[in-house]
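Per-entry structural report
Take a look at the letters that make up each chain.
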Amino acid sequence: MPDASVPLSIIYNPKSGFHANQQDALYKQLISLWSEAGFNVQSFAMNHEVDFHQMMAQVLSRHQSISHGVVVAAGGDGTLNAVASYLIHTSIPMGILPLGTFNYVARVLNIPLDLMEAAHVIAQGHMSQVHVARVNQHIYLNNASLGLYPLFIQALRNKWWKA
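One structure accompanies this document, and this report is about it.

Definitions and cut-offs
- Throughout, residues of each chain are indexed from 1 in the direction in which the sequence is written.
- Side-chain atom pairs in this predicted model are given and counted only at pLDDT of 80 or more, local residue features only at pLDDT of at least 70, and totals for whole chains, interfaces and linings cover all residues.
- The basis for the side-chain values is all heavy atoms of the structure; hydrogens and waters are excluded.
- Any two strands with at least two DSSP bridges between them are considered paired.
- Every helix listed is a DSSP run of H or I at least four residues long, and every strand listed is a run of E at least two residues long, numbered separately from the N terminus.
- All axes are obtained by fitting lines to C-alpha atoms, using only the stretch in contact for helices, and the reported angles, taken between N-to-C directions, cover 0 to 180 degrees.
- Residues are treated as being in contact if the distance between any of their heavy atoms lies within 4.5 Å.
- Burial status follows relative accessibility: with a 1.4 Å probe on protein chains alone, a residue under 20% of its type maximum counts as buried, one over 50% as exposed, and anything between as partly exposed.
- Orienting the strands away from the viewer, one traces the path from the first strand over the helix to the second; a clockwise path indicates a right-handed crossover.
- Within this analysis, the arc is defined by the directions that extend from the helix axis to the C-beta atoms.
- N or O atoms within 3.5 Å of each other form a polar contact, as long as, within protein, one can give a hydrogen and the other can take it, and as long as residues adjacent in sequence are counted only when both atoms are side-chain atoms.

1. Quick notes on the sheet that holds strand β1 (residues 6-12)
- The four strands are arranged β2-β1-β3-β4 in an open sheet whose pairing can be described as parallel. At either margin of the open sheet sits one strand with a lone partner, and together these are β2 (39-45) and β4 (94-98). Direction aside, neighbouring strands of the sheet carry axes that sit 20 degrees apart on average.
- Relative to strand β3 (residues 70-75), β1 is paired through five bridges, and the arrangement is parallel. Bridge pairing links Tyr12 to Ala74 in β3.
- Here helix α6 (residues 115-124) sits on the sheet in contact with β1, β2, β3 and β4, set at roughly 170 degrees to β4.

2. A short note on the pairing of β3
- Of all six residues that make up β3, six are buried, and the element is covered over most of its length.
- On β3, burial covers both faces: Val70, Val72 and Ala74 on one face and Val71, Ala73 and Gly75 on the other are all buried.
- Pairing between β3 and β4: five bridges, direction parallel. Bridge pairing in β4 links Gly75 to Pro98.
- Handedness of the crossover joining β3 and β4 through helix α4 (residues 77-87) is recorded here as right-handed.

3. Points about helix α3 (residues 52-62)
- Within α3, burial applies to Met55, Met56, Val59, Leu60 and Arg62. Down the axis, α3 shows its buried residues gathered within 155 degrees of arc, on one side only. Residues of α3 that are exposed and point more than 90 degrees away from the buried face comprise His53, Gln54 and Ser61.
- Taken together, the buried residues of α3 touch β1, β2, β3 and α4.
- The N-cap of α3, judged by a side-chain oxygen 3.0 Å from the amide nitrogen of His53 a few residues on, is Asp51.

4. Quick look at the environment of Leu99
- Looking at the secondary structure, you find Leu99 in the loop between β4 and α5 (104-108).
- Leu99 sits in the buried class, given a relative accessible area of 15%.

And the structure:
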């Protein structure tokens, strides 16, 4: 069990998952679980008002201690890819809370889609190594799509982001 000086940073989109669905009680349960496991939890919201690069620099700085802790990406595959692109050349592990539409990465890694079960996996420190690929300077963890599918996903994302 980590001591209270071990950082856990959760990076989430406030328009997705538990915040968008007014499930603040679930969010509090997650924070409580990780705190009881000995983590020092801090949340970072991803949105259009925040410079993602600057936010990730702050997160990485927080994790530069001997005990790197864990950075939790709470979102869909796009969020996971964005966070992983900053962690790829570090020794900081990334936890996953699947809050996306399809959650391909979580499914491939056998991460429970139930958020409390996924949080327990993170708290217990279960780790897996994954292959990461790069296309046009962008990494992806599970799949890359060409043709109409990415345009369809982008259109859905734009519709949901403005909602």
